[in-house]
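Commentary on secondary and tertiary structure
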Amino acid sequence: MYEVTADNKLRSLIVVGDRVLIRPKSPSDRTNSGLYLPPTVTEKEQVQSGYVIKVGPGYPIPVAAEDEPWKETEEKVKYMPLQSKEGDLAIYLQRNAIDLEYDGQKYVIVPQASILMLERSEDLYD
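Right, let's walk through the structure included here. (Residues numbered from 1 in each chain as written. Predicted model: local features only at pLDDT ≥ 70, side-chain atom pairs only at ≥ 80, totals over all residues. Heavy atoms only, no water.)

**Describing the overall build of the protein**
For clarity, the cut-off: Each helix is a run of H or I in the DSSP string that is no shorter than four residues. Each strand is a run of E no shorter than two, and both are numbered from the N terminus. Contacts: residue pairs with any heavy atoms within 4.5 Å of one another. Working definition of accessibility: Shrake-Rupley area with a 1.4 Å probe, residue cover restricted to the visible protein chains.
Regarding its fold elements, the protein presents one helix and eight strands. Each helix (α) and strand (β) of the protein, taken in turn from the N terminus, gives the series β-α-β-β-β-β-β-β-β. Taking all contacts inside the protein whose residues are at least 6 apart in sequence as the whole, residues at least 24 apart take part in 72%. Just so you have it, the protein exposes about 9,300 Å², and 52% of that area is on carbon and sulfur atoms.

The structure is reproduced here in structure tokens:
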């Protein structure tokens, strides 16, 4: 598992809003009957899985308006946090994912709404 540590470049990445950075698991290149599939078939499946690497701050919550609009106030943005956490195994919809390569590793960025299911456990990494 490729984790965010102090000595790698992932620490400097900031995921924005309700987005989640996922490292896809390597898809199975065989069918259940033993036939080998070309990489283009396995990459285009609708549902994929991968490990959550970084999570955005969440959904912005509007600040309640004050009774005295003439007063200058600081805009403090509050966020509703996301369900996914770093290290979770996420099952997500591929059609909403944005593929990218960073530091020689393939990643996808998906909105929280595209994640169908999360699996959270301590000994999850293979």
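**Re a nonpolar patch on the surface**
For the record, the criterion: Think of a patch as exposed residues, more than 30% relative accessible area, with no salt bridge, where like charges cluster within 9 Å and nonpolar side chains (Val, Leu, Ile, Met, Phe, Trp, Tyr) cluster within 5 Å. Just to be clear on terms, a salt bridge is a Lys or Arg side-chain nitrogen sitting within 4 Å of an Asp or Glu carboxyl oxygen.
On the surface, a nonpolar cluster with roughly 280 Å² of combined accessible area is contributed by Val 47, Leu 116 and Met 117. Among the structural elements, Met 117 can be located in strand 8 (residues 115-119).

**What about the pairing of strand 6 (residues 98-102)?**
Within a regular beta strand, the side chains point alternately toward one face of the sheet and then the other, so they alternate between its two faces. Applicable threshold: Each residue is placed in one exposure class: buried if its accessible area under a 1.4 Å probe, protein chains only, is under 20% of its type's maximum, exposed if it is over 50%, and partly exposed if it falls in between. Strands are labelled as partners when DSSP assigns at least two bridges between them.
The buried fraction of strand 6 amounts to zero of the five residues, a small share that puts the element mostly on the outside. Bridge count for strand 6 against strand 7 (residues 105-111) is five bridges, and the pairing is antiparallel. Bridge assignment links Asp 99 to a residue of strand 7, and that residue is Val 108. Following strand 6, the chain reverses through two residues before pairing antiparallel with strand 7; Asp 103 in that reversal takes a positive phi of roughly 55°.

**Structural notes on the sheet that holds strand 2 (residues 47-55)**
To keep it simple, the criterion reads: Each axis is a line fitted through C-alpha atoms, taken for helices only over the stretch in contact, and angles between the N-to-C directions span 0 to 180 degrees.
With respect to topology, six strands assemble into an open sheet ordered 6-7-1-2-5-8, the strand pairing being antiparallel. Only two strands of the sheet have a single partner each, and these edge strands are strand 6 and strand 8. With direction set aside, neighbouring strand axes in the sheet form an average angle of 40°. Across four bridges, strand 1 (residues 19-24) lies against strand 7 in antiparallel orientation. Bridging across to strand 7, Val 20 finds its partner in Val 110.

**Here we look at the pattern of salt bridges**
Scanning the model with the defined rule gives two salt bridges in all. Note that Asp 18 is salt-bridged to Arg 19, the shortest N-O span being 2.8 Å. Notably, a salt bridge pairs Asp 88 with Arg 120, separated by 2.7 Å at the nearest N-O pair. Taken together, the positions of Asp 88 in the loop between strand 4 (78-80) and strand 5 (89-93) and Arg 120 in the segment after strand 8 put the pair 32 residues apart, joining distant regions of the chain.

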